[in-house]
Every structure is written in C-alpha cells, then in structure tokens.
Amino acid sequence: MRFRDGMWLVDPSKSLQYAEDIYSINASPDNRSLNLLCPTRHIFSRGNTLNLSTLHINLESHFDGVISLEVQHWLGARKGTPDFELFPDGEGPKLSEERIGISKSERGTTLKSGALSVTVSPDQHDFSIRFHSSDDYDREITSLLNRSVGLAYDPPISNGKQVEDLVQGQSGSRKHYIFTQTELDIGESVHGLGERFGPFNRLGQHVEIWNEDGGTSSDQAYKNVSFWMSSKGYGVFIDTPEKVDLEIGSERCCRVQTSVEGQRLKWYIIYGPSPKEVLTKYSVLTGRAPMVPAWSFGLWLTTSFTTNYDEATVTDFLQQMSDRSIPVEVFHYDSFWMRAFHWCDFVFSPDHFPDPKGSIARIKHAGLTNKVCVWINPYLGQASPVFLEAAEKGYLLKRTNGDVWQWDLWQTGMGLVDFTNPEAARWYEGCLERLFDVGIDSIKTDFGERIPTKGVKWHDESVDPARMHNYYAFIYNKIVYNALTRRYGDGQAVLFARSACAGVQRFPLCWGGDCESTPAALAESVRGGLSIGLSSFSFWSCDIGGFEGTPPPWIYKRWVAFGLLCSHSRLHGSDSYRVPWLIDNDDAGPQGSTAVLRTFVRLKRRLMPYLYTQAVHSTRMGWPLSLRATALEFPHDPTAWAACDRQFFVGENLLVAPVFTEHGDVEFYLPEGQWTSLWDEKKVVSGPGWRREKHGFGTLPIYVREGAVIVMGKEQGEGGFAYDWCEAPEVRLYQTKQGDCATVVDASGKEVGTLTVQDDGSLKGLECFRGDVTVRRIK
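Counting of residues starts from 1 at the beginning of each chain's written sequence and follows it residue by residue. Residues qualify for local features only when their pLDDT is at least 70, as the model is predicted, and side-chain atom pairs are given and counted only at 80 or more; totals for whole chains, interfaces and linings, by contrast, use all residues. Where side-chain values are given, they derive from all heavy atoms of the structure, hydrogens and water being excluded.

- Within an unreviewed UniProt entry, the label attached to the chain reads alpha-D-xyloside xylohydrolase, and the organism entered is Aspergillus tubingensis.
- UniProt positions are given in the numbering used here, feature names are shortened, and annotations may be inferred rather than shown by experiment. Turning to the chain, the UniProt record has this under Sequence similarities (unreviewed entry): "Belongs to the glycosyl hydrolase 31 family."
- The Catalytic activity (unreviewed entry) field of the UniProt record for the chain holds the comment "Hydrolysis of terminal, non-reducing alpha-D-xylose residues with release of alpha-D-xylose."

Written out as structure tokens, the structure is:
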C-alpha cells in the first residue's frame, strides 16, 4: 500500500502523520526496554503539544541479537486474537548483565541485546532510531529516519472529529494504518516472506501477507510468512497474523515499508550476522520442525485429483510400480476417496472402496506400499449428513446474524469447521481417529486459505476475523499433526499441507500447491521452495510433473530429477495420472520415464544416510534441508544472493541445478572452492564461476563441496527408505583435510557416531558401522 504520490506529495486518498520528534525516552525498571513518546510535529513550546497525534514506540531486548519494536497510536484500542505462538520451546538463552542493558553517550541512548544494539538520537528534533552491531557502532544494520514511522487515514481527514467513524475492518468505514520504513543499504537485497514463486529478490515488489489459493504463477501465495531476510545479515519478523502490506524498495527505493490496518504494529529485528544464525534465532521465536520418519523421504504416489480410480486401479498401479522395481513408500488417495459432494465427511466411497480397511491392509501386506495417506480439507459440503450434525452442534463458523457461513465455491453449500470451538476440534480429531483405525498413516491437509473475514463471528468471541484469515492455517494443521502424533508417536507424524503462516513449520511437511506442467512452472517451484526455506521450513515438496495439464515426457523426466532431490517427493496431477508408463507409452529404454524415475528413486535411497543426518541437523537449527538457498551456504558471495534462484543445496554439501530444457542445456553457478560431480569423481571444477553443461534425462548437475564426508547407502537391497544404512556403507571423502567430519545418524534418528579425518588422511569413527565399509578418497 502506497501512502505517497512520489517523493513530494501525499496520496490524495489518504492523510499522513509522521513521528517528527522523540520528545521523551523512558527506560523500564529492568533496563531491558525503552519507551519513546513521539509527537507528529516538532515541539518548540507548550502550545505545540495540543491537538496532535503522538506515537508510542517501545524497543525491547529479548535475547542475543533480537530486539522488538512496537509502534502504537491509541493505547486503548482493543487487541484482538489470535496471536502467533511465540517461544514454543522456551525463550532464548539469557544474556549476562554486561551483554544487555541501557547506556547513554553523546551518540544517544542505547539499548543493548547481545550482538545487536539500537541507539536513539539525543536530539529531540532529529528522529533517528539506529540498529547496529554492539561491537561496532559504525556497522549499521538498518535504521528508522525522518518520516519513517507514522499513521494514516483513508479516506483523509480534515479535522480531528472525523475519526468518530473509525471502526477497523468494517466495510465503508474510515481506515487507520500504522507503518514503518526501514532503510535499505546500497546493494542490499530482501528475500523470503513465505512460499513465493516470483523473483527470489523481493526488491521492487509490493507483497501482501494474505493467504490465497492462487496457484504458483501469480503474486498470491498459499503460505504467507511475515518474515523477511536481508542479505546484510539480519531479518525482520512482523508479529501479527493479520494482513501485512509491504512495499519493498517500491514506494521509496531506499526503504522497506511495513503497514497494517489498526492501532499497533510490532516487529522483531533479528541479527545473525550470518543468515543461518538469523534463521536459528527466528526459529526460537516461532518454532522449529520436528524430525519426520525416514520412510517419508521415499516416493509418494497418488491417484491424482479427478481421475477415475478404485481399489483395482490402486492395486494395479502399485503392482506395476513394483514390477518395474520402483518402490512406493507412501500411496496417497486424493479427494475422490470420498463421495462427490460429501467433502469432507471422512467416509470412503462405498462404490469404489467397499472394504477400505481390508483394501489398505492388502496392499500393505503385499509389500506394494509401506504407508497410506488420504486427502482432507477443513470444509463440510451440505450434501453430507455430517453437515447438519456439525451445524446443529455449533461446530461451523457462523455469520453475525447467526446463520452458518456458507458459499458454493469449491463445495456446494460448504461450511467451515470452527476450530476456535474446543468441542469442534475434539469432534474433528475423532473423525481423524476413525481414519487411523482404517489404516491411514498420514494426512494431506489441503486448503485452509479462503477464510472469510466479513460479517462472520467465531465461537471464541475474542477472535478478530481479520487475524483469523492467515492464522487458520496454523490451528488447522496443528490439530491434525497433534492427532497423528498422539496415534503414532513423536517423530512419526507427517502432514502434506498446502496453507501456512508463521509457525506452521512446526507441523511438517508442506508442498507447493497447484503448478502447471510447464518448464516455467518447474522454475516457479524451485523459487517457491527456496523462498519457504528462508522461513525455517525444513521440509518441502512439490507435484512432480506439474499439477495442471498432462506433462510431455521431457518435462516429466526433468521434474522427476528435481523432485527426487527435494526433501520429499510426490508424483501428483489433476486430471491425468503420473505413473511413468502412461507418460511415454511405456518407453522401456534407458532414457524412458520408467528408467529415469527408477534411477532417481535409487539415488535418493542411496543418499539417505547423508539426507537423514542433514535433516536432523536442519531441524535442530531451523534451516531448510532442501531446497536450501546458495546464499545460506555462501552468504558473502553477492552472486549467491542476486542470481542463484535456479539451483539449491541439499544439506550443506550437495549443490543441485535442475534442468529446464528438453535437450539438457543447463547453466549454474559454483561458488568458491573445489566441486566434484557426484556422477563422475574425475570431474572436479574450481569456483567461483558460471558453468554450462548438457545432461541426458538420467542425470543433472549435482556437485559435492570440498571437505565433504558423504556416507552412501547400499546399491541394492530389499525394503524401503528406512533401511539399515549403518550396515556396510560406502564413505566418500571429497578433497578432505584434517578435521573434516560428518555425524552418522541411524534410521531412527539416533546419532551413532562421528567420522573425522585424521592428520594422515585416515578416517576415525568407522566403528559405528557394521560389516565391510568401503572408504573412497576423492582428490
């Protein structure tokens, strides 16, 4: 939202008032916060204090490198709920007295919070709030300068009496906004803000934090996260689930403007200084992903969306995958496992699955799949008898006149489960338990974005509908994830979620939503995965082959190569199946879809010792496993921030570049150091620099970082992805030196040892393995 008409004029639809003075600075008794009284005009006499707005700015230290800033206009405004669940694992580590506190000098009043400090100008008429390194005052991180904090009215006011019609969120009423504008440095870039499919660098963009079902080729997003990361080594988390509007170097090229409708705006500035440290500190605020089971890393095969399927179809597909030596770890039943118009009543269609429990037991017993997942959404179509039951018991969201809120978009006459009602939540959990009894192991939590805000009333009357729109994704996924955890135990729960907001990373995992079957959509998916990873989402997936349309064979095969190197890998489509033999008329050649899928399923299975260890570390630190932005591993390389949105890291040691062309031409960037092709150990390349290669369908650029100790699993073997990779593995040492090491984690997630390169080049720690271990030194 823009408040000005260029640099000099105010937008004629609005009136603006800026904090001009810092009239007073008051420290809290514990010396951990500062409260600033900031009038919206310069105060030179007592008369200047009358008939004007003031803004209250509170600066507070939280833990090392984290300071919050809250701006409020009218302190008496009611604060609605819900709020984000901050510090879910406890507050950050306490700081010693010398690393926290308030001091004064000729530079101003300084609040210190470990590595980060904020200094307020000593000159009352010079509005300046400067965030900087505690060790180096001149190392500025960002700042709030002249006309950078303010309030706005829309439509504009000409006298103070006109604000009596100010009622937030009501159509036709006057609106009130709070905004801040933080300074951008020359060459600084901005990234993140959830899963966004456009340019990786957000500079020049207008971004709305507002969940929508917009596909992957628009500026709308399923997963809006009010956190952005700067290439300068800091991040900003905006602490509200309501709609947030950002102008990122767009209204003013040198500033990031953040605005919300209402009387208060609060954000946290998080100083790393490395981007990995920023993510770890952000995850202290909003939470980290728990580990997911090893089996979930395997291939997920679905029925696709509107395709015709029944027990015979499912069994045939799984049997043919088995016959082609492509193990399916999870089989997913998409929407039409239920009857049409009955979504979501949790009842298998009796015409297609007369014996669902027996059917699931049979495919598992036959070894055709390890686990089973089903699709759900948080809506109830009125054709189902369950709708009337839920409506009568008050389990559905209501309009302010008492009617059940309904519309015909998606499902006929659908209602929305009101999870603010504890009884509704328990009822929903009971529905899930009945699915678990049938043999369901995982849940795809689709939708949750189109949550109404106008004329609705939640069971919990303290809930502000505007705040619930984004937050609904959190409470929906939390309820389902916790139900899975209670049934199957810690570390065994897995979702496949589409909607998210800050904190939903605590309920893994999510996928990228509805993409087309085109090379452009493949690139969109890469950017979406990179982006969501910068919000502490450790695990992410996409629809391999694209969701909309039927992929030509070359797109399918290129997407398979990319998709099997995401943390999680699922074949899924809309109105066409994604089994490989239907893609290319069952081409049995080495470059056919079946062979390509087999190749990359086997590659991922061999990488499981490395992947699972990296996953454990990623969840502890709040980092993405895959897709991990190159800039996280090489933050001082400007190219990594500016031009690497078509490649990614898997963990800290594997750089992957998807191929977007039929003929296999690909260009990618290798940062500083020695890089060895995973496919050909004789191909060693020095970076930094761009590289062009050509690949058939059975490979894509995968380069291993120098100093990496990579444990590879068995070439062959029965079973799925949770096999015992501590039995006779292969250990590869890539240009290692003394001290290079790798942790070894078994299939249960337990650390069983550490491999360390000794001064003579030998490897210490091999006793954590059993059987004959192969060690290969790659120079």
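1. Quick look at the UniProt feature "domain: Glycosyl hydrolase family 31 C-terminal" (unreviewed entry) in the chain
Inference 1: Mapped onto this numbering, the UniProt entry gives "domain: Glycosyl hydrolase family 31 C-terminal" (unreviewed entry) at residues 627-710.
Inference 2: Helix makes up 11% of residues 627-710 and strand makes up 44%, while its end C-alpha atoms are separated by 18 Å. By the criteria applied, helices consist of DSSP H or I runs no shorter than four residues and strands consist of E runs no shorter than two, each listed in order from the N terminus.

2. Considering empty space enclosed by the protein
Inference 1: Only protein atoms enter the 1 Å grid used here. Points where a 1.4 Å probe fits but cannot escape make up a cavity, open sets with protein on both sides within 12 Å along at least five of seven lines make up a pocket, and a residue lines them when an atom lies within 4 Å of a point. Grid points are joined across faces, edges and corners, and a volume is the space filled by probe spheres set on the points. Inspection of every chain in the model, using the stated rule, returns four cavities of 30 Å³ or more.
Inference 2: Roughly 50 Å³ of volume is contained in the largest cavity.
Inference 3: What lines the largest cavity is Ala-289, Val-504, Gln-505, Phe-507, Pro-508, Leu-509, Cys-510, Phe-537, Ser-538 and Phe-539.

3. Thoughts on helix H5 (residues 422-438)
Residues that lie three or four places apart on an α-helix share one face, since the helix turns once every 3.6 residues.
Inference 1: Expected span of a helix: the number of residues minus one, times 1.5 Å. The first and last C-alpha atoms of H5 sit 25 Å apart over 17 residues, in line with the 24 Å expected at 1.5 Å per residue.
Inference 2: A simple rule labels every residue: compare its accessible area, found with a 1.4 Å probe on the protein chains alone, to the largest value its type can have, and call it buried under 20%, exposed over 50%, or partly exposed in between. Those residues of H5 that sit buried are Ala-424, Ala-425, Trp-427, Tyr-428, Glu-429, Cys-431, Leu-432, Leu-435, Phe-436 and Val-438.
Inference 3: On its buried face, H5 is in contact with helix H3 (356-365), strand E24 (371-376), strand E25 (379-380), helix H4 (385-392), strand E28 (442-445) and helix H6 (465-488).
Inference 4: The backbone nitrogen of Glu-423 has a side-chain oxygen 2.9 Å away, supplied by the residue at the start of H5, namely Asn-421. In what follows, a contact means two residues having at least one pair of non-hydrogen atoms within 4.5 Å. N or O atoms closer than or at 3.5 Å make up a polar contact, with two conditions inside protein: a donor-capable atom paired with an acceptor-capable one, and, for residues adjacent in sequence, both atoms drawn from side chains.

4. Let's talk about the packing of helix H7 (residues 519-533) against helix H8 (residues 553-563)
Inference 1: Put simply, H7 and H8 touch, their axes get as near as 10 Å, and they point 15 degrees apart. Classed by the angle they form, the pair H7 and H8 counts as roughly parallel. Between H7 and H8 the crossing geometry is right-handed. Side by side, H7 and H8 meet where Pro-519, Ala-521, Leu-522, Ser-525 and Val-526 of the first sit next to Trp-554, Ile-555, Arg-558, Trp-559 and Phe-562 of the second.
Inference 2: Classifying every residue of the contact of H7 with H8 gives eight nonpolar, one polar and one charged. Axes here mean lines fitted to C-alpha atoms, for a helix over just the part in contact, with angles spanning 0 to 180 degrees between N-to-C directions. For classification purposes, an angle smaller than 35 degrees is called roughly parallel, one larger than 145 roughly antiparallel, one from 65 to 115 roughly perpendicular, and anything else oblique. The handedness criterion is simple: a crossing whose near helix is rotated anticlockwise from the far helix by less than a right angle is left-handed, and one whose near helix is rotated clockwise is right-handed. Residues are grouped as follows: nonpolar covers Ala, Val, Leu, Ile, Met, Phe, Trp, Tyr, Cys and Pro; charged covers Asp, Glu, Lys and Arg; every other residue, Gly included, is treated as polar.

5. Points about the environment of Asp-310
Inference 1: Inspection of the secondary structure puts Asp-310 in the loop between strand E22 (299-302) and helix H2 (311-323).
Inference 2: Residues Asp-310 and Lys-223, spaced 87 residues apart in sequence, show a C-alpha to C-alpha distance of 32 Å.
Inference 3: Among residues more than four places away in sequence, those in contact with Asp-310 are His-352 and Phe-353.
Inference 4: For Asp-310, the side chain forms a polar contact with the main-chain nitrogen of Ala-312, separated by 3.2 Å.

6. What to know about the environment of Phe-297
Inference 1: Residue placement: Phe-297 occurs in the loop between helix H1 (275-286) and E22.
Inference 2: Take Phe-297: its relative accessible area is 0%, and that puts it in the buried class.
Inference 3: Here the alpha-carbon distance between Phe-297 and Glu-329, two residues 32 residues apart in the chain, equals 8.2 Å.
Inference 4: If we ignore the near neighbours within four places in the chain, the residues touching Phe-297 are Val-292, Phe-539, Ser-567, His-568, Lys-604, Met-608, Tyr-612, Ala-615, Leu-625 and Phe-721.

7. A look at the packing of aromatic side chains
Inference 1: Stacked, tilted and edge-to-face are the three classes applied to pairs of Phe, Tyr and Trp rings, where Trp contributes its six-membered ring and a pair requires centres within 6.5 Å; stacked means planes under 30 degrees apart, edge-to-face means over 60, and tilted covers the rest. As enumerated under the stated definition, the model contains 55 aromatic pairs in all.
Inference 2: Ring centres of Trp-343 and Trp-410 lie 5.5 Å apart, and the angle between their planes is 40 degrees; on these two criteria the pair is classed as tilted. Placement of Trp-343 in the loop between strand E23 (330-333) and H3 and of Trp-410 in the loop between strand E26 (398-399) and strand E27 (415-416) is noted, with a sequence separation of 67 residues between them.
Inference 3: Three or more aromatic residues joined by ring pairs make a cluster, and in this case those are Phe-84, Phe-227, Phe-237, Tyr-268, Tyr-282, Tyr-471, Phe-474, Tyr-481 and Phe-507.
Inference 4: Across the ring face of Tyr-137, the terminal group of Arg-107 is positioned such that the distance to the ring centre comes to 4.0 Å.
Inference 5: We count a charge as sitting over a ring when the NZ of a lysine or the CZ of an arginine lies within 6 Å of the ring centre and within 35 degrees of the ring normal. Against the face of Tyr-137 rests Arg-130, its NZ or CZ located 4.2 Å from the ring centre.

8. A word on the UniProt feature "domain: Glycoside hydrolase family 31 TIM barrel" (unreviewed entry) in the chain
Inference 1: The sites that UniProt annotates as "domain: Glycoside hydrolase family 31 TIM barrel" (unreviewed entry) are residues 290-614.
Inference 2: Structurally, residues 290-614 is divided into 37% helix and 12% strand, and its ends, taken at the C-alpha atoms, are 13 Å apart.

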